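So you can see what is in the structure, the chains are spelled out below.
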Amino acid sequence: MKLKILHTPPPVSDTERPVPRWAMRLAYALPLLLLPSCLWRLPFALHFEMGQVQDLGMPPYWVSIPYVLGLSVWSETIAVLTIGLVRGWGEMAPTWIPVIGGRRIRPLAAVVPAVLGGLILTLLFADVPIGDGRRLTPYGIVDTVGYTNDAWQALATVCIAPLTAWGPVTIALGIAYYRRRTARCPEERP
């Protein structure tokens, strides 16, 4: 007797063409990849500085709480929507959506926002350490935030570093979606 402890996915996909295994895994891993940074942000809403040494004061609670919670929820929502690049609801709009429900989604309608968003995310989170506590970013040289000890700095690095992969992963998933949706079947070739 074989125990069925783990759920296995059905053998048939809900997409027109098979999704590469790497794309499926990346799409489902992305929300989990961003979760540590979202959780890292939450204490800042209540003015807990997580070991950071800041010169400027914290904003009032009526600003910090909605901003931090909204940013965390928005980040995870965008990451979950990326799963649409590997699932059937990314090829055919769900019927409950007004006006476009039940219609096929054109490949470029999903690819253009995915690739542009990925490029923007790559620019936002790409920086190069240049020494003396400074980093080179697309918008200039910035000073890095200091921490009260190395443990806080290590925790911040572990939580925030996966954000650098968000843009390139989204671009790769967008390109894989485009290639899969626009590829011709062997029967269609003249």
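Look up: the structure comes first, before these words.
All figures in this text were calculated on a predicted structure; none of them were measured in a lab.

Caption draft 1: Focus on the environment of Glu91. As for its position among the elements, Glu91 is in the loop between helix 2 (61-81) and helix 3 (107-125). Overall, Glu91 belongs to the buried group, its relative accessible area being 4%. For the pair Glu91 and Leu123, spaced 32 residues apart in sequence, the C-alpha to C-alpha distance is 28 Å. Residue contacts for Glu91: discarding those within four places in its chain leaves Thr15, Glu16, Arg103, Arg104, Ile105, Tyr177, Arg180 and Arg181.

Caption draft 2: Representation of the state of the cysteines. For the structure shown, the criterion picks out zero disulfides. Cys38 forms no disulfide, and the closest cysteine sulfur to it belongs to Cys159, at a distance of 11 Å. Judged by relative accessible area, Cys38 falls into the buried class, the value being 4%. On the basis of relative accessibility, which here comes to 12%, the residue Cys159 falls in the buried class.

Caption draft 3: Seen up close, the side chain of Ser72. Turning to its location among the elements, Ser72 is positioned in helix 2. Judged by relative accessible area, Ser72 falls into the buried class, the value being 8%.

Caption draft 4: Examining the layout of surface pockets more closely. Counted as a void, the largest pocket has a volume near 1,500 Å³. Considering the residues around the largest pocket, the lining is formed by 36 residues, among which Trp40, Gln52, Val145, Tyr147 and Ile160 are closest to the centre. Ranked by residues supplied to the lining of the largest pocket, first place goes to helix 2 with seven residues. Among the residues making up the lining of the largest pocket, the classes are represented as 21 nonpolar, 11 polar and four charged. Lining the second largest pocket we find 25 residues, and of these Leu81, Thr82, Leu85, Ala110 and Pro113 sit closest to its centre. Those elements that provide at least two residues to the lining of the second largest pocket are helix 2, helix 3 and helix 5 (166-182). When residues in the lining of the second largest pocket are grouped by element, the largest group, eight residues, is from helix 3.

Caption draft 5: Inspection of the pairing of strand 3 (residues 134-137) at higher detail. Across three bridges, strand 2 (residues 128-131) lies against strand 3 in antiparallel orientation. Note on strand 3: the bridge partner recorded for Gly131 is Arg134. Between strand 2 and strand 3, which pair antiparallel one after the other, the connecting turn spans two residues, and Asp132 there sits at a positive phi close to 55°. Sheet analysis places strand 3 next to strand 4 (residues 140-143), joined by four bridges and oriented antiparallel. Considered in strand 4, the bridge of Arg135 is made with Val142. Where strand 3 hands over to strand 4, the hairpin turn is made up of two residues, counted between the paired strands.

What counts, and at which threshold
Residues numbered from 1 in each chain as written. Predicted model: local features only at pLDDT ≥ 70, side-chain atom pairs only at ≥ 80, totals over all residues. Heavy atoms only, no water. Helix = DSSP H or I, 4+ residues; strand = E, 2+ residues; numbered from the N terminus. Buried < 20%, exposed > 50% of the residue type's maximum accessible area, 1.4 Å probe, protein only. Contact = heavy atoms within 4.5 Å. Disulfide = S-S within 2.5 Å. 1 Å grid on protein atoms, 1.4 Å probe; cavity = no way out; pocket = protein on both sides within 12 Å on 5 of 7 lines; lining within 4 Å. Points joined across faces, edges and corners; volume = space filled by probe spheres on them. Nonpolar A, V, L, I, M, F, W, Y, C, P; charged D, E, K, R; others polar. Pairing = 2+ DSSP bridges.

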